[in-house]
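Letter by letter, the chains look like this.
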Amino acid sequence: MKQRLNKLDSNDYDNIECWQVVEVFNKAQVEWTRRQLHGINQLREGDEQSTRRKDDLQVLLSTEVLTLADKEYYYRGTIPAEYLEWKRVDVYAQKDCCEKRRMTVYLAEEGNLNQLLRDVNKRPDFIWGETFATLIGNTVHIYTNNEFEIKSADLVYYRQPIKIQIQGCVDPYTSVESPVNIECEFKDDIIELIIDEAVAILAGDIESSNQYTRGTEGAERNN
């Protein structure tokens, strides 16, 4: 990363500590990931809009079995701590008259909750096998309108990238020395882009406009 700053003939950047490298690389991972999910890149391709996006981001897709609490009109489950972005929730529901079935669940806006529950075409319906969910307070609410029971729910989501660590370096998040190396989980070509991103962030912090521009352009051009 120091080489990317392109100042090999001076000691201008010798004061970069290893904990700074860890911090800035981990920040760059998250910023790069969020841009790809939202399509803020040169090709304007968001989540799974191309084979490349599917391939680049699949490592972050995770599944969590939700522990649900029945709140009469909805079931509540806690979102995992490493949650980054919604993908879907797989729900199996049951009613006294019928066998258990899989439901199609749409992510809805919490602000439209009352309208959705009143709308005959959008409210939870076991026969049609459709309902909706909202996100609030780091929990997911899956609505039933008290018409059926939810037997199981699996949340599929994009998680935060695993934070790298450097053995013997103080972890900037815990202030404890890291006993082992934890490497970046992305493929080598993605790591190169993230390094460009990290260099741009670090160069911005130390007011190196040339390297900031080069790092930013490199990260965007190669996405």
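One can find the structure itself at the top, above this paragraph.
All values derive from a computational prediction rather than experimental measurement. (Residues numbered from 1 in each chain as written. Predicted model: local features only at pLDDT ≥ 70, side-chain atom pairs only at ≥ 80, totals over all residues. Heavy atoms only, no water.)

(A) Local environment of the pattern of salt bridges. On inspection of all chains with the given rule, the structure shows 9 salt bridges. As a salt-bridge pair, D90 and R102 come within 3.0 Å of each other at their nearest N and O atoms. With D90 in strand β4 (residues 83–95) and R102 in strand β5 (residues 98–107), this pair connects stretches of sequence that are 12 residues apart. Owing to a relative accessible area of 44%, R102 belongs among the partly exposed residues under this scheme. Across the salt bridge formed by R159 and E185, the nearest N and O atoms sit 2.6 Å from each other. Residue R159 is found in strand β8 (residues 149–159), and its partner E185 is found in the loop between β8 and α4 (188–205); the two are separated by 26 residues along the sequence. In this structure R159 comes out as buried when scored by relative accessible area, which is 14%. In this structure E185 comes out as partly exposed when scored by relative accessible area, which is 22%. (Salt bridge = Lys/Arg side-chain N within 4 Å of Asp/Glu carboxyl O. Helix = DSSP H or I, 4+ residues; strand = E, 2+ residues; numbered from the N terminus. Buried < 20%, exposed > 50% of the residue type's maximum accessible area, 1.4 Å probe, protein only.)

(B) Representation of the state of the cysteines. In this structure the tally under the stated criterion is 1 disulfide. The disulfide that involves C18 links it to C169, with 2.3 Å between the sulfurs. On the sign convention where negative means left-handed, the S-S torsion of about 105° between C18 and C169 marks this disulfide as right-handed. Taken together, the residues C18 in helix α1 (residues 18–38) and C169 in the loop between β8 and α4 connect sequence positions 151 residues apart. Look at C18 and you get partly exposed, because its relative accessible area is 34%. (Disulfide = S-S within 2.5 Å.)

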